[in-house]
Amino acid sequence: MLEKIDELLSEVEGFTAGSKDELEQFRIRYNGKKGVLNDLFAAFKEVPNEQKKAYGQKINTLKQAVASKLEDLSAGFSTETFAEREDLTRPGMPLELGGRHPINLVKNKIVDIFKSIGFTVADGPEIEDDWHNFTALNLPEYHPARDMQDTFFIEQNPDILLRTHTSSVQARYMEQNEPPIRILSPGRVFRNEAVSARSHCIFHQIEGLYIDENVSFADLKQTIQFFTTELFGKSKIRMRPSYFPFTEPSAEVDVYWGLNTETDYRITKGTGWLEIMGCGMVDPAVLKNVGIDADKYSGYAFGMGIERIVMLLYQMGDIRMFFENDLRMLKQFRAL
Ligand code: PHE
């Protein structure tokens, strides 16, 4: 009896149907009212008790083999067309399109503006060495101005750190390229600062560098004015004396935002002016450090925080939002 079922099982497994009729014959032979399976189930009561378990298992295996065979083969003979099977009037699945992160949107805008006047983009590592982040930029060890940027050092090697500004890219580029140099260095920077609505330990900068013969402060001012006009539609700027170790003279740039709305009053603290970047003429000591002839060449540099600019452009109040990946915030930038 048990061998008989084994034979049936291999017959079922080996079965192929040449036509829909053959398949129907197969179905009737096994699953029909007077089919093989019903006969076998009916014979169950005559099976000796000690064989009942093995017998039961075997006919169940056979039953499953028949069912899956029928399913496999009938798919091949289906005459239903796709349109009959599916409801073509059903609305499609909505396709969620992604969008750019606001930091990237604004970075790209800024890059485009400077590209139009001959700048190209330069890249560099986020994990830097002391030389490119500090020393080459006229910030030797123990220089007090190192404290202006609280630094994350790598514990095992104090020579390695997370770059605190993208000026490090400029140092690298100047070492490897001859003037004229006209580059932008956008990227992520790191400072060991407490996270709050106004400051973050990770943020993005975009810095510019121009080195050539006879580059003057007037060139710097013109370039920045062109930039503020293009980005904000505002051409009134002022430069306040400031200090950076790598530039001399140095300045802080304010753009006149105006006092037209209540928001203008709030964000400019009633002055109408907003600080947007630091800049200056590259210190000859920096040029010497990177092997550029400081008697022949001069240049300017500027740098700004991208988050700050995005917050101004889109009236956002909390820098932490940029790093939370909250879709409710990100989706608002999708169409831009
Ligand atoms: N590197 C400066 C900073 O991170 C910005 C800057 C760049 C200032 C170039 C002057 C010139 O604060």
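As the structure is a computational prediction, the values presented were derived from the model and not from experiment.

Conventions we followed
- Residues numbered from 1 in each chain as written.
- Predicted model: local features only at pLDDT ≥ 70, side-chain atom pairs only at ≥ 80, totals over all residues.
- Heavy atoms only, no water.
- Phe/Tyr/Trp six-rings, centres within 6.5 Å; stacked < 30°, edge-to-face > 60°.
- Helix = DSSP H or I, 4+ residues; strand = E, 2+ residues; numbered from the N terminus.
- Buried < 20%, exposed > 50% of the residue type's maximum accessible area, 1.4 Å probe, protein only.
- Pairing = 2+ DSSP bridges.
- Core = buried A, V, L, I, M, F, W, Y, C linked by side-chain atoms within 4.5 Å.
- Contact = heavy atoms within 4.5 Å.
- Near = heavy atom within 4 Å.
- Polar contact = N/O pair within 3.5 Å; in protein donor to acceptor, adjacent residues only side chain to side chain.
- Areas by Shrake-Rupley, 256 points an atom, 1.4 Å probe, with all protein chains shown as cover.

J.: Quick question: what am I supposed to make of the packing of aromatic side chains here?
T.: One pair of aromatic rings is described through two measures. These are the centre distance and the angle between the planes. Taken as a whole and judged by the stated rule, the model has 12 aromatic pairs. Between Phe26 and Tyr30 the ring centres are 5.0 Å apart and the planes differ by 45 degrees, which places this aromatic pair in the tilted class. You can see Phe26 and its partner Tyr30 sitting in helix α2 (residues 20–31), 4 residues apart, about one turn around the helix. As far as the burial class goes, Phe26 and Tyr30 line up, both buried. For the pair Phe44 and Tyr55, a centre-to-centre distance of 5.8 Å together with 40 degrees between the ring planes defines the contact as tilted.

J.: Mind showing me how you'd approach the sheet that holds strand β3 (residues 153–154) here?
T.: Strands in a sheet are paired, the pairing made by backbone hydrogen bonds, and the direction either parallel or antiparallel. Spatial strand order, β2-β4-β3: 3 strands in an open sheet with antiparallel pairing. Among the strands making up the open sheet, the edge pair consists of β2 (127–129) and β3. As judged from the 2 bridges shared by β3 and strand β4 (residues 157–162), these two strands associate in the antiparallel manner. Its bridge partner lying in β4, Ile154 is registered against Asn157.

J.: Just to check I follow, could you spell out the nonpolar core for this structure?
T.: Among the nonpolar cores identified, the biggest contains 41 residues, and Phe302 and Met304 are the most heavily contacted of them. Of all elements in the fold, only α6 (102–115), β6 (202–212), α9 (217–232), β8 (247–256), β9 (273–282), β10 (298–305), α12 (306–314) and α13 (327–330) reach the threshold of two or more residues within this core. Ranked by residues supplied to this core, first place goes to α6 with 7 residues. Every residue in contact with Phe302, bar those within four places of it in the chain, is listed here: Phe114, Gln170, Leu184, Ile206, Glu207, Gly208, Leu220, Ile224, Met277, Gly278 and Cys279.

J.: What's the story with the pairing of β10 in this structure? I'm lost.
T.: Remember that side chains alternate between the two faces of the sheet whenever the strand is regular. The buried count for β10 comes to 6 of 8 residues, which makes it a mostly enclosed element. Judged from the 8 bridges that link them, β6 and β10 form a sheet pairing that is antiparallel. Bridge pairing links Ile211 to Gly299 in β10. Both β9 and β10 contribute to a ladder of 4 bridges, which runs antiparallel. Note on β10: the bridge partner recorded for Gly280 is Ala301.

J.: Would you explain the site of the ligand in this entry?
T.: Taken together, 14 residues surround the ligand, and among them His165, Ser167, Arg191, Gln205 and Glu207 come closest. One nitrogen or oxygen atom from the side chain of Ser167 is found 3.0 Å from a nitrogen atom belonging to the ligand. One of the side-chain nitrogen or oxygen atoms of Glu207 is found 2.9 Å away from a nitrogen atom of the ligand. Relative to its free-state accessible area of 320 Å², the ligand is covered by the protein chains to the extent of 92%. Elements with a minimum of two residues in the shell around the ligand: β6, β9 and β10.

So far we have only geometry, and geometry alone does not tell us how the molecule works.
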